[in-house]
Amino acid sequence: TNALNAMVDAVMETVKGKKAVTLTNFGTFLSVHRAATVKRNPKTGTPVNVPAKDVPRFRPGKAFKDAVA
């Protein structure tokens, strides 16, 4: 489990630095910028400002998608 924890920490630090991490036949971890927007509170209907932020994303590779399908 130490090796897995070290790999996860390395992936998080790399994505945090705005770089993508590709694991062949598995997928790509990357950071995507989400623009600021105005949403509505579904309960009250009042507008809520949502600030811009960077969010992590995962895009599965073809081999991973084929194995799951």
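The present account deals with the structure reproduced in this document. On a predicted model such as this, the values are computed, not experimentally measured, just so you know.

What counts and what doesn't
Residues numbered from 1 in each chain as written. Predicted model: local features only at pLDDT ≥ 70, side-chain atom pairs only at ≥ 80, totals over all residues. Heavy atoms only, no water. Helix = DSSP H or I, 4+ residues; strand = E, 2+ residues; numbered from the N terminus. Rg over C-alpha atoms; globule rule 2.2 N^0.38 Å. Buried < 20%, exposed > 50% of the residue type's maximum accessible area, 1.4 Å probe, protein only. Contact = heavy atoms within 4.5 Å. Lys, Arg positive; Asp, Glu negative; His and termini not counted. Charge placed at Lys NZ, Arg CZ, Asp CG, Glu CD. Pairing = 2+ DSSP bridges. Axes fitted to C-alpha atoms, helices over the stretch in contact; angles between N-to-C directions. Polar contact = N/O pair within 3.5 Å; in protein donor to acceptor, adjacent residues only side chain to side chain.

Within the protein chain, the regular secondary structure consists of 2 helices and 5 strands. Going residue by residue from the N terminus, the α and β elements of the protein chain occur as α-β-β-β-β-β-α. In terms of C-alpha radius of gyration, the protein chain reaches 17 Å, well past the compact-globule figure of 11 Å for 69 residues. If you line up the protein chain on its principal axes, its C-alpha atoms span 45 × 30 × 20 Å. Here the protein chain holds 69 residues, and 12% of them are scored as buried. For the protein chain, contacts bridging at least 24 residues in sequence account for 32% of all contacts bridging at least 6. Side chains of the protein chain give 12 positive and 4 negative charges; the mean places of these two sets differ by 12 Å.

Spatially, β1-β2-β5 is the arrangement adopted by the 3 strands of the open sheet, whose pairing is antiparallel. Edge strands, defined here as strands with exactly one partner in the open sheet, are β1 (21-23) and β5 (53-60). For this sheet, the mean inter-axis angle between neighbouring strands, taken without regard to orientation, is 25 degrees. In terms of strand pairing, strand β2 (residues 27-34) meets β5 through 8 bridges, oriented antiparallel. Paired with H33 across the strands is D54, a residue of β5. Strands β1 and β2 of the sheet are contacted by helix α1 (residues 2-16), whose axis makes an angle of about 35 degrees with β2.

Here we come to the side chain of T28. For T28, the position within the fold is in strand β2. Residue classification places T28 among the buried positions, given a relative accessible area of 12%. At 3.3 Å, the side chain of T28 forms a polar contact with the side chain of T22. The residues contacting T28, other than those within four sequence positions of it, are A20, V21, T22, R57, F58 and R59.

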